[in-house]
Structures are given as C-alpha cells and as structure tokens.
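Observations on chain architecture
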Amino acid sequence: MDIRERYLEILDQMEFHGDESDVPIFWKEDREATIAKLVDEAVEMLKNYREKDYNYDANVILSEAKFVLKVGRNTFSGTVDQVRQNDDNSFTLLDFKSSKFPPNQTFLDVDYQLGLYALACWKGVFKLPDGTMRMLEIPPEKLVIAYYQLRDHIPYKRNGKGFQAGDERGDPRRFTSRSRDQLKVLKRDVAAIASNINRGVFPRNPGTINCPACTYSGICTGDSRIDGLSASQVKSIETLTIQMEEAA
Ligand code: SF4
C-alpha cells in the first residue's frame, strides 16, 4: 500500500465527503503547504511504525474496538485503539496519540481515560469484528497500557545534543498499568463525577494547557450558581468536589 496516496485519499474524504465536511476548516497557514506537511509527517510516522519489530510481530486481537462499560448506574461507551496479546499471555492496550507534547508519567498513572479503558478490558463488553459482543475479562494484573506517541517516529531534522539528524525520538511507547485497588478508586471517582453531571454540576478544572484552548473560556467565570438545587444540596456537592480534588 502506498501510504502517501492512501493518506491523501483519507484527507480528501474527511475534508469534502465526511460527516463534518460542512464545518469550515480554519487553516492557520496556506492550505496546500499545511497538507503537504501533514502528509510528510504522517508518512514518516506510519513508515517507521510498521518497521518496528514490536509492531510488525504483534498479535493484534482488537483494533478500533468499541465497548460499553457500566460504572454504578451509568453506562459509558468508547473505542479502544488496539489490544494485543503477548507471548506470555498478558495483554497490551495501545492508545495512539499524535499530539506534539506527550503527558508525563504521573498523568499516565492517574489518567481517567486510560483507567476506564483498563476497566473496560476487565469488566466491559466489546464489539468484535464479526459483530458479536463479548467480555474480554482481562484482569488488571495481566494488562499493560501503552500510550503510543506517534510523533516520536518523526526523525530529527538537525543534529543536537545526543542525537543526529535522521534519528527517531526514542521508544514511542510510554507504559503504565492499573491495580485492582486503583480501578476501585477510579470507579468511585467516576461515579461521583457522573453524579455531579447528572445534577447539572460541572466543576471547573482550570489548567494551563486546557483553558487556553477551551471554547467556554469566555463564559467560565465561576460566577454561575446551580439552578434548581437547595442550598444544602449545593453545599454537599461543593464538599464532594473539594474531597475529589484533594484525593486527586
Ligand atoms: S476555561 Fe474551560 S477548561 Fe478552563 S476551567 Fe473553564 S471550562 Fe474548564
């Protein structure tokens, strides 16, 4: 397969024929130059991805797999990028990312999304390629989670300290895992957050990365009150929110 041609086909499909093709694209720079850069980077990432033995030899059992997961009274749905079965009968869940800046290890170890994926592999129900639904029942001690930083496959353009032009940027896989105890705490946290949302409470979560890119920053002033709830209900929610923040 010619990766470049295929990638251009997919871009064309998304821009002109996809579900959201009616949404105008804001090109920060010249469209043709941006597309050329995107394609160059994508080709490098995919080419170097498939040349790695740990990818080429992988036993991929699920790819782009949809799941549903019950946590308390709430049902979550999502899509896991990939699940691989390893030679020692353990499993690796891969989450592919193409963002410029990967999160640090602490974030990976506490991130709710990766935790929910681990819980889904254990307790959730997956849609298999043949259309049937099945639990994977992978216990946490048999599961490794790999945050896969695809941009690490883009080689350096010039020499630097400890690397040369043409070198890739190291192992793109950042590993983490979850224990049974961590998943128990995750379920409690998620149930508390869902309970807040069901009551119409969305606590702010200010951060130097998320706020500048947030669509709601113009109205996120912290002035709003919670309509329709009594003062004691508001108080208990605020107490719960503080406890959650302290526990995080
Ligand atoms: S600006 Fe956006 S990201 Fe930041 S706290 Fe408000 S809602 Fe959350």
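Because the structure is predicted, anything quoted here is derived from the model rather than measured.

One can describe the packing of helix H1 (residues 3–17) onto helix H2 (residues 31–51) by two numbers: an axis separation of 9 Å at closest approach and a directional angle of 130 degrees. For the element pair H1 / H2, the angle class is oblique. Along this stretch, H1 crosses H2, giving a crossing that reads as right-handed. Each of Ile3, Arg4, Tyr7, Leu8, Leu11, Glu15 and Phe16 in H1 lies in contact with H2, whose residues at this interface are Arg31, Ile35, Leu38, Val39, Asp40, Ala42, Val43, Leu46, Lys47 and Arg50.

This part takes up the nonpolar core. If you look at the biggest cluster of nonpolar residues, it comprises 28 residues, and the most contacted ones within it are Cys121, Phe126 and Leu143. Secondary structure elements with two or more residues in this core: strand E1 (59–71), strand E2 (74–85), strand E3 (91–97), helix H5 (112–123), strand E6 (143–149) and helix H6 (180–198). It is H5 that contributes the most residues to this core, eight residues altogether. Counting residues in hydrophobic clusters, the runner-up holds seven residues, among them Tyr49, Leu94, Tyr148 and Ile154.

On to unusual backbone geometry, then. It is generally the case that most residues other than glycine have a negative phi and that most peptide bonds are trans. A positive phi is found at Asn89, a non-glycine position, where the angle reads about 75 degrees. Its location among the elements puts Asn89 in the loop between E2 and E3. With phi around 55 degrees, Glu137 is a residue other than glycine that occupies positive phi space. You can see Glu137 is positioned in the loop between strand E5 (133–135) and E6. Residue Glu137 is classed as exposed on the basis of its relative accessible area, which comes to 54%.

What follows deals with the environment of Arg204. Within the element layout of this structure, Arg204 appears in the loop between H6 and helix H7 (231–247). Taking C-alpha positions, Arg204 is 7.8 Å from Cys220, a pair spaced 16 residues apart along the chain.

The next thing to look at is the site of the ligand. Taken together, Arg204, Asn205, Pro206, Asn210, Cys211, Cys214, Ser217 and Cys220 are the residues near the ligand. Its residues assigned to classes, the shell around the ligand comprises four nonpolar, three polar and one charged.

A few words on H2. In this model, H2 (21 residues) spans 30 Å end to end at C-alpha, consistent with the 30 Å of a helix rising 1.5 Å per residue. When we look at burial in H2, the residues that qualify are Ile35, Val39, Glu41, Ala42, Val43, Met45, Asn48 and Tyr49. Contact partners of the buried residues in H2: H1, helix H3 (53–56), E2, E3 and E6. Measuring from the side-chain oxygen of the N-cap residue of H2 to the backbone nitrogen of Glu32 gives 3.4 Å; that N-cap residue is Asp30.

Basis of the calculations
Residues numbered from 1 in each chain as written. Predicted model: local features only at pLDDT ≥ 70, side-chain atom pairs only at ≥ 80, totals over all residues. Heavy atoms only, no water. Axes fitted to C-alpha atoms, helices over the stretch in contact; angles between N-to-C directions. Helix = DSSP H or I, 4+ residues; strand = E, 2+ residues; numbered from the N terminus. Parallel < 35°, antiparallel > 145°, perpendicular 65-115°, else oblique. Left-handed = near helix turned anticlockwise from the far one by under 90°. Contact = heavy atoms within 4.5 Å. Core = buried A, V, L, I, M, F, W, Y, C linked by side-chain atoms within 4.5 Å. Buried < 20%, exposed > 50% of the residue type's maximum accessible area, 1.4 Å probe, protein only. Near = heavy atom within 4 Å. Nonpolar A, V, L, I, M, F, W, Y, C, P; charged D, E, K, R; others polar. Expected span 1.5 Å × (residues − 1). Polar contact = N/O pair within 3.5 Å; in protein donor to acceptor, adjacent residues only side chain to side chain.

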